[in-house]
Amino acid sequence: PIADMFTLRLERTKSGRVSYEGKFVESLDVTIGEYDVTATCGENVLLGKDAPYYIGQAHVDVKAEQTNTVKIPCRVGNALVSVTFGRNDAERERFNRYYSDYGLLVRIGDYSMAISKDETASSIYFPAGSSPEFVFYGTLNNEAAQIVSTNVSHKNLPSVFEAADHASITITLPDPESALAVN
């Protein structure tokens with residue numbers, strides 16, 4: 001994102017008193033002292049589709065009759081998951097043959113959000129420090145339209161996600177009808 005999309009928070013280091021909080025500005029006039037500067041863009045939502053949250057922090061010591069330049073390196077502050085159904089076109093066709101609808105549910109506590117079969121270009125973002133649960137769900141292509149689900153896990157999925165962690169999950173459906181696999 002560009003600088004104009006960020007908000008700034010300027011806080012005195014020792015007292016915690018906020019000297020400025022608002023839209024990004026190129027310069028601020030402040031009194032002498034030490035400040036912690038935080039820049040953010042977006043919201044650190046519990047679950048959000050295509051909702052990155054950026055954060056950066058810096059420290060500045062303002063002295064009399066001196067201009068300070070502060071660089072605030074910002075990075076993604078939340079974590080995300082994306083999903084692919086099938087490793088190739090044949091596997092994706094198999095999903096469509098066996099399921100009328102399917103997706104990946106991302107759950108944190110009592111809240112959940114899904115990436116459906118038609119939304120694989122989207123990602124779901126969640127706060128760093130979270131331990132989301134991932135569930136594959138599908139509606140079988142049969143007369144009963146039975147809904148099935150299974151937890152998705154893999155040794156490479158972290159138990160607690162850190163800032164900027166990206167879990168890229170590929171759910172496979174090998175032929176013939178065999179167990180669900182996660183790569």
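Residues numbered from 1 in each chain as written. Predicted model: local features only at pLDDT ≥ 70, side-chain atom pairs only at ≥ 80, totals over all residues. Heavy atoms only, no water.

A. A look at the overall build of the protein. Scanning the protein from N- to C-terminus turns up one helix and 14 strands. Relative to the compact-globule value of 16 Å for 183 residues, the protein shows a C-alpha radius of gyration of 23 Å, a clear excess of over 25%. Dimensions of the protein, computed from the C-alpha atoms along their principal axes, are close to 75 × 25 × 25 Å. Expressed as a percentage of the 183 residues in the protein, the buried residues total 35%. Partitioning the intrachain contacts of the protein with sequence separation of at least 6 by distance along the chain shows that 57% fall at a separation of at least 24. (Helix = DSSP H or I, 4+ residues; strand = E, 2+ residues; numbered from the N terminus. Rg over C-alpha atoms; globule rule 2.2 N^0.38 Å. Buried < 20%, exposed > 50% of the residue type's maximum accessible area, 1.4 Å probe, protein only. Contact = heavy atoms within 4.5 Å.)

B. Geometry of the pattern of salt bridges. Scanning all chains against the criterion turns up seven salt bridges. Across the salt bridge formed by E133 and R107, the nearest N and O atoms sit 3.5 Å from each other. Separated by 26 residues along the polypeptide, E133 in strand β11 (residues 133–140) and R107 in strand β8 (residues 99–108) bring together distant segments of the chain. Exposure remark for R107: the relative accessible area of 30% places this residue in the partly exposed category. Each of R9, E11 and E21 takes part in salt bridges that share partners, so that together they form one network. (Salt bridge = Lys/Arg side-chain N within 4 Å of Asp/Glu carboxyl O.)

C. Here's a closer look at unusual backbone geometry. One non-glycine residue, D50, lies in positive phi territory at about 50 degrees. Inspection of the secondary structure assignment puts D50 in the loop between β4 (48–49) and β5 (54–62). Judged by relative accessible area, D50 falls into the partly exposed class, the value being 43%. Phi angles above zero are rare outside glycine, and E65 is one such case at about 55 degrees. Tracing the backbone shows E65 in the loop between β5 and β6 (74–76). Residue class for E65 comes out exposed when judged on its relative accessible area of 87%.

D. Summary view of the nonpolar core. V81, L104 and I171 are the most contacted members of the largest nonpolar core, which totals 22 residues. Listed by contribution, the elements that provide at least two residues to this core are β7 (78–85), β8, β10 (124–127), β11 and β13 (166–172). Take this core: its biggest share by element is five residues, from β8. Core analysis: the second largest hydrophobic core is formed by ten residues, L10, Y35, A39 and V62 among them. (Core = buried A, V, L, I, M, F, W, Y, C linked by side-chain atoms within 4.5 Å.)

E. Representation of helix α1 (residues 89–98). Along α1, the residues that are buried comprise E91, R94 and F95. One side of α1 carries all its buried residues, which in axial view fall inside an arc of 100 degrees. Put simply, N88 is the residue that caps the front of α1, since its side-chain oxygen is 3.2 Å from the backbone nitrogen of A90. (Arc of directions from axis to C-beta. Polar contact = N/O pair within 3.5 Å; in protein donor to acceptor, adjacent residues only side chain to side chain.)

F. Representation of the sheet that holds strand β1 (residues 7–12). Across the sheet, five strands lie side by side as β2-β1-β3-β5-β6; this open sheet has antiparallel pairing. Either end of the sheet is taken by a strand with one partner, and the two such strands are β2 (18–23) and β6. The sheet shows a mean angle of 15 degrees between the axes of neighbouring strands, taken without regard to direction. Pairing of strand β3 (residues 33–41) with β5 involves nine bridges; the strand directions are antiparallel. Across the sheet, residue V37 finds its bridge partner in β5, namely A58. (Pairing = 2+ DSSP bridges. Axes fitted to C-alpha atoms, helices over the stretch in contact; angles between N-to-C directions.)

G. Spatial organisation of the environment of G22. With respect to the helices and strands, the residue G22 is situated in strand β2. Separated by 98 residues in sequence, G22 and T120 place their C-alpha atoms 35 Å apart.

Coordinates in, geometry out; function isn't part of it.
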